[in-house]
Amino acid sequence: MKLRRLYAVMALTVALVPAMVLTALLFLPDRIPVHYNAAGEVNRWGSKFEMLIFPGLLLPYGALWLGACRMFRGRSSGETGERIMVIGGIVQFAVFDLMTAYFLYTSFQKVENLSLLSLDLHRLLCGVSGLGLIALGNWMPKLKEPGPMGLRTPWSVKNETVWRRCQRFGGWVMAAAGAVCVLAALLAEGLWCWLWAALALAVSGIAGAFYSWHAAKTTPDE
């Protein structure tokens, strides 16, 4: 997909949250559940207008992320680094969209216990995050020159050969971590899927750091 279209998709994912909330305010009951405890039980009720807080925070954050994406145009990573940033933005804002839609539904229905719902939000978000990691892992090997994006350690920036080896390996382990997240979303329940996801990300980070050290030691200076 062209970079311009990716920007359009990201802008849509950012705009979707305030659009959903503003539309929902016309139909939401005045008093809604606004906070749940760790067990998924309502521990505070409040005004429906509290739903405006999240989009109010998200819009400036989205603008900052857009600006950060633009900053990569003049860097060594070029369009590839910019594309990775945009894809990362799409993934995280899509997660925010799903969270907003989920909690708007619980507000409409005045759900008092999230465990009674057939849709597990943790599994849904973990699966979407995993797909995003797989997409980012696919693009990492395309980072041909050292820059702020990618598997960056004190060893991976030794020279371009080491850098490219590290980005290939980093892409593989990131995609593998994403696959584990997707499997966890399918097989685990509740917070357990995030535990497996965190473990996969930790292992991939450690493996990437070790490989970058190994690549630097076994690759001659240029």
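Please refer to the structure placed before this passage.
Residues numbered from 1 in each chain as written. Predicted model: local features only at pLDDT ≥ 70, side-chain atom pairs only at ≥ 80, totals over all residues. Heavy atoms only, no water.

## Focus on the pairing of strand β2 (residues 42-47)
Pairing between strand β1 (residues 31-36) and β2: five bridges, direction antiparallel. Residue pairing in the sheet places Arg31 in a bridge with Ser47 of β2. From the end of β1 to the start of β2, which pair antiparallel, there are five residues, and Gly40 there has a positive phi angle of about 85°. (Pairing = 2+ DSSP bridges. Helix = DSSP H or I, 4+ residues; strand = E, 2+ residues; numbered from the N terminus.)

## Considerations on the nonpolar core
Residues Leu6, Tyr7, Met10, Cys69, Val86 and Met149 are the most contacted members of the largest nonpolar core, which totals 20 residues. For this core, the secondary structure elements donating two or more residues are α1 (3-24), α2 (53-71) and α3 (78-109). Sorting elements by how many residues they give to this core places α3 first, with seven residues. The contacts of Met10, once residues within four sequence positions are left out, are Trp65, Leu66, Cys69, Val86, Gly89, Ile90 and Phe93. Val162, Cys166, Val173 and Ala215 belong to the second largest nonpolar core, which has nine residues in total. (Core = buried A, V, L, I, M, F, W, Y, C linked by side-chain atoms within 4.5 Å. Buried < 20%, exposed > 50% of the residue type's maximum accessible area, 1.4 Å probe, protein only. Contact = heavy atoms within 4.5 Å.)

## Brief notes about a nonpolar patch on the surface
Among the surface-exposed residues, Val180, Trp192, Leu195, Trp196, Leu199 and Val203 lie close enough to one another that they form a single nonpolar patch of about 630 Å² accessible area. Ranked by residue count, the leading element in the nonpolar patch is helix α6 (residues 192-218), at five residues. With respect to the helices and strands, Trp196 occurs in helix α6. (Patch = residues over 30% accessible without salt bridge, like charges linked within 9 Å, V, L, I, M, F, W, Y side chains within 5 Å. Areas by Shrake-Rupley, 256 points an atom, 1.4 Å probe, with all protein chains shown as cover. Salt bridge = Lys/Arg side-chain N within 4 Å of Asp/Glu carboxyl O.)

## Here we look at the side chain of Asn159
For Asn159, the location among the structural elements is in the loop between α4 (121-139) and α5 (160-187). At 3.1 Å, the side chain of Asn159 and the backbone nitrogen of Thr161 are in polar contact. (Polar contact = N/O pair within 3.5 Å; in protein donor to acceptor, adjacent residues only side chain to side chain.)

## Remarks on α2
The end-to-end C-alpha distance of α2 is 28 Å, a good match for the 27 Å that 19 residues give at a rise of 1.5 Å each. Those residues of α2 lying buried are Pro55, Leu58, Gly62 and Cys69. With its buried residues spanning 50° around the axis, α2 presents them on a single face. Exposed and oriented more than 90 degrees from the buried face of α2 are Ile53, Leu57, Leu64 and Met71. (Expected span 1.5 Å × (residues − 1). Arc of directions from axis to C-beta.)

## Section: the packing of α5 against α6
It is the contact of α5 with α6, at a shortest axis distance of 9 Å, that shows an interaxial angle of 165°. In terms of orientation, α5 and α6 fall into the roughly antiparallel class. Remark: the crossing between α5 and α6 carries right-handed chirality. In terms of residue class, the contact of α5 with α6 is made up of 18 nonpolar, five polar and one charged. (Axes fitted to C-alpha atoms, helices over the stretch in contact; angles between N-to-C directions. Parallel < 35°, antiparallel > 145°, perpendicular 65-115°, else oblique. Left-handed = near helix turned anticlockwise from the far one by under 90°. Nonpolar A, V, L, I, M, F, W, Y, C, P; charged D, E, K, R; others polar.)

## Things to note about the packing of aromatic side chains
Across all of its chains, the model carries eight aromatic pairs by this definition. Taken together, a centroid distance of 6.2 Å and an interplanar angle of 55° make the contact between Tyr61 and Trp65 tilted. Highlighted residues: Tyr61 and Trp65, both in helix α2, separated by four residues, approximately one helical turn. Since its relative accessible area comes to 32%, Tyr61 is described here as partly exposed. Judged by centre distance (5.7 Å) and plane angle (35°), the ring pair of Phe210 and Trp213 falls under tilted. Note that Phe210 and Trp213 are positioned in helix α6 at a spacing of three residues, about one turn of the helix. For Phe210, a relative accessible area of 55% gives the class exposed. Connected via pairs of aromatic rings, a cluster forms that spans Phe54, Tyr61, Trp65, Phe93 and Phe96. (Phe/Tyr/Trp six-rings, centres within 6.5 Å; stacked < 30°, edge-to-face > 60°.)

## Digging into the side chain of Asp97
In this structure, Asp97 sits in helix α3. Despite being buried, Asp97 has no salt bridge partner; Arg70 is the closest side chain of opposite charge, sitting 18 Å away. Setting aside chain neighbours within four positions, we find Asp97 in contact with Thr13, Leu16, Val17 and Met20. (Lys, Arg positive; Asp, Glu negative; His and termini not counted.)

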